[in-house]
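An overview of the molecular structure
Chain by chain, the residues:
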Amino acid sequence: MEYILKNIPAYERANEQLAQVSKKWQAEVEALTTEAQTMYKNYQNEVVFLSAEQKKTKQDAIMQKEQSAAQLKQKYFGPEGELYKKRTALMTPIQDEIYNAVKDIADLRGYQLVLDRASDSGIIFGSPRIDISDEVLNKLGYK
């Protein structure tokens, strides 16, 4: 599967797109985190000059900023976050196309099972003669 994916340009483009959006979102999260840290440092420098009410107000503002950063991180990178959704939207069509090509080849050759040797450590040896990776790529119009 890894070999097949590396030979599909759309997969590489999708990975590049995911990396770019991930970097952008990470920068947004880091900006909020840095802002919260700066607010805290300023608070530490001013704390002796502040009244109890001013201290409470500044502490609340710092906590709010930290919560905003955590919420944004969860929104973008959480288990059901934007990055997950974007990855699914970009990768599912490619994976479906590969699955259909593998299924067609398996049906044509009468295979009952097609394994991914790279992902299953239980396979000790597999003859190169039964490797259908290049055939899958050809069926998809690559190589």
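Residues numbered from 1 in each chain as written. Predicted model: local features only at pLDDT ≥ 70, side-chain atom pairs only at ≥ 80, totals over all residues. Heavy atoms only, no water.

1. Brief notes about the nonpolar core
Residues Ile-8, Ile-94, Ile-98 and Val-136 are the most contacted members of the largest nonpolar core, which totals 24 residues. Of all elements in the fold, only helix 1 (2-6), helix 2 (9-46), helix 3 (52-77), helix 4 (82-109) and helix 5 (133-140) reach the threshold of two or more residues within this core. When neighbours within four sequence positions are excluded, Ile-8 is seen to be in contact with Ile-98, Leu-137, Leu-140 and Tyr-142. (Core = buried A, V, L, I, M, F, W, Y, C linked by side-chain atoms within 4.5 Å. Buried < 20%, exposed > 50% of the residue type's maximum accessible area, 1.4 Å probe, protein only. Helix = DSSP H or I, 4+ residues; strand = E, 2+ residues; numbered from the N terminus. Contact = heavy atoms within 4.5 Å.)

2. Re the layout of surface pockets
Quantified by volume, the largest pocket comes out at close to 560 Å³. Lining of the largest pocket is provided by 22 residues; of these, Val-114, Leu-115, Asp-116, Arg-117 and Asp-131 occupy positions nearest its centre. For the lining of the largest pocket, the elements supplying multiple residues, two or more each, are helix 1, helix 4 and helix 5. The leading source of residues in the lining of the largest pocket is helix 1, at three residues. A breakdown of the residues in the lining of the largest pocket according to their chemical character gives 15 nonpolar, three polar and four charged. (1 Å grid on protein atoms, 1.4 Å probe; cavity = no way out; pocket = protein on both sides within 12 Å on 5 of 7 lines; lining within 4 Å. Points joined across faces, edges and corners; volume = space filled by probe spheres on them. Nonpolar A, V, L, I, M, F, W, Y, C, P; charged D, E, K, R; others polar.)

3. Comments concerning the pattern of salt bridges
Summed over all chains, the structure comprises nine salt bridges. Lys-6 is the salt-bridge partner of Glu-2, the closest N and O atoms lying 3.6 Å from each other. Of this pair, Glu-2 and Lys-6 both sit in helix 1, four residues apart, roughly one helical turn. Residue class for Lys-6 comes out exposed when judged on its relative accessible area of 54%. (Salt bridge = Lys/Arg side-chain N within 4 Å of Asp/Glu carboxyl O.)

4. Brief notes about the environment of Leu-137
Relative to the helices and strands, Leu-137 is located in helix 5. Taking the C-alpha atoms as reference, Leu-137 lies 8.3 Å from Ile-98; in sequence the two are 39 residues apart.

The values reported here are purely geometric and, on their own, carry no functional implication.
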